[in-house]
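The chain contents come next:
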Amino acid sequence: MTPTNVVFDIGNVLVDWQPHLAWPELTEAQARDFMDRIDFAARNLRGDHGERFSDMAEELDDPADRDRLTHYVSRYALTVQNEVPGSWALVDRLIARGVPLHAITNWSAETWPKGLTSHPRLGEIFETLIVSGDVKLIKPDPAIYRLFCERAGLAPEACVFVDDKAENCDGARSIGMDAIQFTDAATLETALTERGLL
């Protein structure tokens, strides 16, 4: 079956996410040192899975680190100010062609509303949207792709999934979706054109 629906990841495909910008009082080097010290990547993934950042902050021994992580949610909009170059032009072309658009995103339920304040179109363009923090499943778990297909009423083979991470593309393929690993808008344009979607 040729895919007729495009399913987007959002972070680093449509929206440029730079988490160190949540702490503008720190230099970039200081912010990255803090993130490394608290293993921010692992904690962020737990947030994507449905945990609260305030609860994770309580696990930290250093009061300053606890305070910084506690403020991450309120400052989240600072981390997603920019679009990924060229991607939204492709979105608009797909919409103009009548291609149904959907999304599966690893994103905290706490920070998702903050992201919408920076990019309100994220709340408007997708027919089916799965936010991992809401459903407490994360990519590349095959269950999140199956949940998407169930909610969208689509066969996996009807979908092409676009994500910047190879493992998430593999997760989509494991249930029968086509998948494109995103590197830049020009490469994505070529891949979508090859599939007859652009």
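Cut-offs applied
- Residues numbered from 1 in each chain as written.
- Predicted model: local features only at pLDDT ≥ 70, side-chain atom pairs only at ≥ 80, totals over all residues.
- Heavy atoms only, no water.
- Pairing = 2+ DSSP bridges.
- Helix = DSSP H or I, 4+ residues; strand = E, 2+ residues; numbered from the N terminus.
- Axes fitted to C-alpha atoms, helices over the stretch in contact; angles between N-to-C directions.
- Buried < 20%, exposed > 50% of the residue type's maximum accessible area, 1.4 Å probe, protein only.
- 1 Å grid on protein atoms, 1.4 Å probe; cavity = no way out; pocket = protein on both sides within 12 Å on 5 of 7 lines; lining within 4 Å.
- Points joined across faces, edges and corners; volume = space filled by probe spheres on them.
- Nonpolar A, V, L, I, M, F, W, Y, C, P; charged D, E, K, R; others polar.
- Salt bridge = Lys/Arg side-chain N within 4 Å of Asp/Glu carboxyl O.
- Phe/Tyr/Trp six-rings, centres within 6.5 Å; stacked < 30°, edge-to-face > 60°.
- Lys NZ or Arg CZ within 6 Å of the ring centre and 35° of its normal.

Caption draft 1: Up close: the sheet that holds strand 7 (residues 178-181). Pairing within the open sheet is parallel, and its five strands lie in the order 5-4-1-6-7. The open sheet terminates on both sides in strands that have one partner only, identified here as strand 5 (129-131) and strand 7. Ignoring which end each strand starts from, the neighbouring axes of this sheet average 20° apart. Direction of pairing for strand 4 (residues 101-105) relative to strand 5: parallel, over a ladder of three bridges. Counted as the bridge partner of I104 is I130 from strand 5.

Caption draft 2: Spatial organisation of the pairing of strand 1 (residues 5-8). Side chains of strand 1 alternate between two faces, with N5 and V7 and V6 and F8 buried alike. In this structure, strand 1 lies alongside strand 4, joined through three bridges in parallel fashion. Counterpart to V6 in the pairing with strand 4 is L101.

Caption draft 3: Region of the structure containing the layout of surface pockets. Its boundaries defined by the atoms lining it, the largest pocket holds a volume of some 530 Å³. Taken together, 29 residues form the lining of the largest pocket, with W17, N44, D48, N106 and K165 sitting closest to its centre. Going through the elements one at a time, helix 1 (28-37), helix 2 (40-48) and helix 9 (166-173) are the ones with two or more residues in the lining of the largest pocket. In terms of residue count, the dominant contributor to the lining of the largest pocket is helix 2 (five residues). A breakdown of the residues in the lining of the largest pocket according to their chemical character gives 12 nonpolar, eight polar and nine charged.

Caption draft 4: Up close: the pattern of salt bridges. The tally for this structure, following the rule as stated, stands at 14 salt bridges. Between R43 and E59 there is a salt bridge whose closest N-O contact spans 2.6 Å. Separated by 16 residues along the polypeptide, R43 in helix 2 and E59 in the loop between helix 3 (53-57) and helix 4 (63-70) bring together distant segments of the chain. Accessibility expressed as a relative area gives 14% for R43, which makes it buried. Two residues, D178 and R195, come together in a salt bridge whose shortest N-O distance is 2.5 Å. Note that D178 is positioned in strand 7 and R195 in the segment after helix 10 (185-194), a separation of 17 residues in sequence. On the accessibility criterion, D178 (25% relative accessible area) is partly exposed.

Caption draft 5: Structural context of the packing of aromatic side chains. In this structure the tally under the stated criterion is nine aromatic pairs. Geometrically, the ring pair formed by W23 and F34 is edge-to-face, given 4.9 Å between the ring centres and 75° between the ring planes. Here the residue W23 occupies a position in the loop between strand 2 (15-16) and helix 1, and F34 occupies one in helix 1, the gap between them amounting to 11 residues. The exposure class assigned to F34 is buried, which follows from its relative accessible area of 1%. On the numbers, 5.0 Å between centres and 55° between planes, the contact of F53 with Y72 is tilted. Within this pair, whereas F53 is found in helix 3, its partner Y72 is found in the loop between helix 4 and strand 3 (82-83), the two being separated by 19 residues in sequence. The aromatic ring of F34 is capped on one face by R68, whose charged end is 5.7 Å from the ring centroid.

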